[in-house]
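Now for the letters of each chain:
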Amino acid sequence: MTSESPAIHHDVVILGGGLAGLSLALQLRSRMPDIDVLVLERRTLPLPEAAHKVGESTVEIGARYFEHVLGLGEHLRQHQLRKFGFRFFFSEGRRDIDQVTEIGASRHLSVPSYQIDRGIFENFLAAEAQRRGVRFVQSALVRQVTLSEAPADRNTVQAPHAVEYTATGQTHRVQARWVVDACGRAGLLKRQLGLSRTNDHAAHAVWFRIKDRITLDHWSDNTEWRERCTPQARWLSTNHLVGAGYWVWLIPLSSGSHSVGIVADPALHPLDRMDSFDKAMDWLQQHQPLLFDELDGKRHLLQDFAFFRRFSYDCQQLFSEHRWALSGEAGFFLDPFYSPGSDFIAIGNTYITELVEMDRRGERLGAHIQLFDQLMHSFYDSTLTLYQDQYPLFGDPEVLPVKVIWDYTFYWGVLAQFFFHQRLTDLASMAALRTELADCQQLNRAVQAFLRQWSACSERRNPPAMLDQAGMPWFAELNRSLTDTLDSAAFRERIRQSRQQLRQLAAQILAQAMAEHPGLDGAALRGLVGNVVVEGEWMLPGVGVGAMV
């Protein structure tokens, strides 16, 4: 028999104490030190190392969020692994990794990112949140959330929402001005409110962890190949072993384990061929035999195995003027190819924090709620374009390197600039740059469509070469530029420059593809780049100074 405790009021109740929920709690307390935040987490801590979660690889926005916005840099540097960027190998059916095309950087670029052991990190986040004054309840099972649509009176203690949960055999009822669902794919509020929405990206994923280090650098004793990178530590990258319709991830964890995943288009690689560890190993033996060789003698070191049939999904609404919000995977999820999960946690939590702070100042939320929700969906739609219908070209050693450079340039030149320069909530800049941002989105859609067309007739040559991203000065500088300090005028000019850079890159993509395949239909892309003059053949991998090693 359970006993009941009287209702307690909190400013914010966060449902879920994983990466999204704990990050939001820390951000709220950082911005508003007096705010009362309760986090309800159904699991019992501590979590095991190499916890059974996806989202271990961060990129620039997510890393910046954890390191600078939340102030967790010391933990990241001491207890996680600095990532050696993304790396791609066209190793389909091959055992000679030093004889295939590789995409990656020969050295670290300016802005760091990290490989995150989620068990270690979330245990630390829970302890850090409590140290900073967040109320954290573990082993808490949420039984009911009653949302009120009636405006709350700021002069009373009555909160608009009620949450009932059980913990340690006791039923608790709490009230909160804000309720945020950060409980992951369970999507408690999303299901309750009927907000689930599918998208047209039907990829699936299987993944597992091995209690051992996979040192990809040892897959060849070719000294020249090894010395292409400084440090000689390709294993620290998020390594992608790519083929037509799929990619395999290799992500090292600071606990000594290695995360392995297969992500595929079901039209080319059905899930039922890889939905158990033994099936996945048989699949790897055929498609990525070097990885199979690495893992075959380590089967006894398997720590877990899981899969998602359709991992990508959308959501109709993320924020409400009635003071509820969805964070992280409780809202939507894209695709792990470029590791955007932590990025969208960072962006979404920033909007939630801004809304809570506005509410505490007594400001009306309606217009900001609508705009922030539109922006999140715009970022989602633009990023989804990078993946949707693109899996067939992942095995193309001629087109995928161009796509990777384009996708990075789009990310670093636009969205990352807004985050790094703290302009996500700068509505004046958003309005002033409306035309430029629309142009960038339209150009991205056209380039993605053109890349599919190009790959359909590509010869898919796979020379033994490294396409060195660090050897392209403009590309390395774009990464470094994220750390600049810009006032409003300089920031707006930066985005205008990014639009022009994207147009120049698109013009070169068009020129290079049409030179090799004159029959391609480049009319749509040509109509967008107009009379842009390509300033020498210097922007694409394999072309110009230092690009190919």
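Residues numbered from 1 in each chain as written. Predicted model: local features only at pLDDT ≥ 70, side-chain atom pairs only at ≥ 80, totals over all residues. Heavy atoms only, no water.

Our focus in this paragraph is the packing of helix H9 (residues 341–360) against helix H10 (residues 366–384). Here H9 crosses H10 at 175°, and the two axes come no closer than 11 Å. Considering their axes alone, H9 and H10 lie roughly antiparallel with respect to each other. From H9, Phe344, Ile347, Gly348, Tyr351, Glu354, Leu355 and Met358 reach across to H10, where they touch His368, Ile369, Phe372, Leu375, Met376, Phe379, Tyr380 and Thr383. Residue composition of the contact of H9 with H10, by class: eleven nonpolar, three polar and one charged. (Axes fitted to C-alpha atoms, helices over the stretch in contact; angles between N-to-C directions. Helix = DSSP H or I, 4+ residues; strand = E, 2+ residues; numbered from the N terminus. Parallel < 35°, antiparallel > 145°, perpendicular 65-115°, else oblique. Contact = heavy atoms within 4.5 Å. Nonpolar A, V, L, I, M, F, W, Y, C, P; charged D, E, K, R; others polar.)

Moving on to the environment of valine 533. The topology assignment puts valine 533 in the segment after helix H16 (523–529). For the pair valine 533 and glutamine 504, spaced 29 residues apart in the sequence, the C-alpha separation amounts to 7.0 Å.

Applying the stated criterion across every chain, the model contains 28 aromatic pairs. Aromatic side chains phenylalanine 86 and tyrosine 408 sit 6.3 Å apart centroid to centroid with 45° between the ring planes, which places their arrangement in the tilted category. Here tyrosine 408 lies in helix H11 (residues 400–420) and phenylalanine 86 lies in strand E5 (residues 86–89), a separation of 322 residues in the sequence. Take phenylalanine 86 and tyrosine 408: they sit in the same class, and that class is buried. Each ring, one from tyrosine 351 and one from phenylalanine 372, has its centre 4.4 Å from the other, and the planes form 25°; the classification is stacked. One end of the pair, tyrosine 351, is in helix H9; the other, phenylalanine 372, is in helix H10, and 21 residues separate them in sequence. Note on accessibility: tyrosine 351 and phenylalanine 372 belong to one class, buried. Directly above the aromatic system of phenylalanine 86 lies the positively charged group of lysine 83, at a separation of 3.9 Å from the ring centroid. (Phe/Tyr/Trp six-rings, centres within 6.5 Å; stacked < 30°, edge-to-face > 60°. Buried < 20%, exposed > 50% of the residue type's maximum accessible area, 1.4 Å probe, protein only. Lys NZ or Arg CZ within 6 Å of the ring centre and 35° of its normal.)

Within the largest apolar cluster, 153 residues are counted, with the highest numbers of intra-cluster contacts made by Ile14, Phe319, Tyr351 and Ile509. With 15 residues, the single largest contributor to this core is H11. With residues up to four places along the chain from it excluded, the contact list for isoleucine 509 reads Val402, Trp406, Val447, Phe450, Leu451, Trp454 and Leu540. Counting 28 residues, the second largest nonpolar core, distinct from the first, contains Val248, Leu250, Val260 and Leu291. (Core = buried A, V, L, I, M, F, W, Y, C linked by side-chain atoms within 4.5 Å.)

Following the criterion strictly, the structure yields 39 salt bridges and no others. Here aspartate 36 and arginine 135 are joined by a salt bridge, their closest N and O atoms 3.4 Å apart. Placement of the pair is aspartate 36 in the loop between helix H1 (19–31) and strand E3 (37–40) and arginine 135 in strand E8 (residues 135–137), with a sequence separation of 99 residues. For aspartate 36, a relative accessible area of 18% translates into the label buried. (Salt bridge = Lys/Arg side-chain N within 4 Å of Asp/Glu carboxyl O.)

Locating serine 339 in the fold gives a position in the loop between strand E20 (324–326) and H9. Not counting residues up to four positions away in its chain, the partners in contact with serine 339 are Ser57, Val59, Lys83 and Phe86.

With that settled, consider the packing of helix H2 (residues 60–69) against H11. Where H2 contacts H11, the two axes come as close as 10 Å, and the packing angle between them is 20°. Looking at the two axes, H2 sits roughly parallel to H11. Both H2 and H11 take part in a crossing whose hand is right-handed. For the pair H2 and H11, contact is made by Glu60, Ile61, Arg64, Tyr65 and Val69 and by Tyr411, Trp412, Leu415, Ala416, Phe419 and Phe420, respectively. (Left-handed = near helix turned anticlockwise from the far one by under 90°.)

Here we take up H1. With 13 residues, H1 extends 18 Å from end C-alpha to end C-alpha; this agrees with the ideal 18 Å at 1.5 Å per step. Among the 13 residues in H1, eleven count as buried, and that is most of the element. Listing the buried residues of H1 in full gives Leu19, Ala20, Gly21, Leu22, Ser23, Leu24, Ala25, Leu26, Gln27, Leu28 and Arg29. (Expected span 1.5 Å × (residues − 1).)

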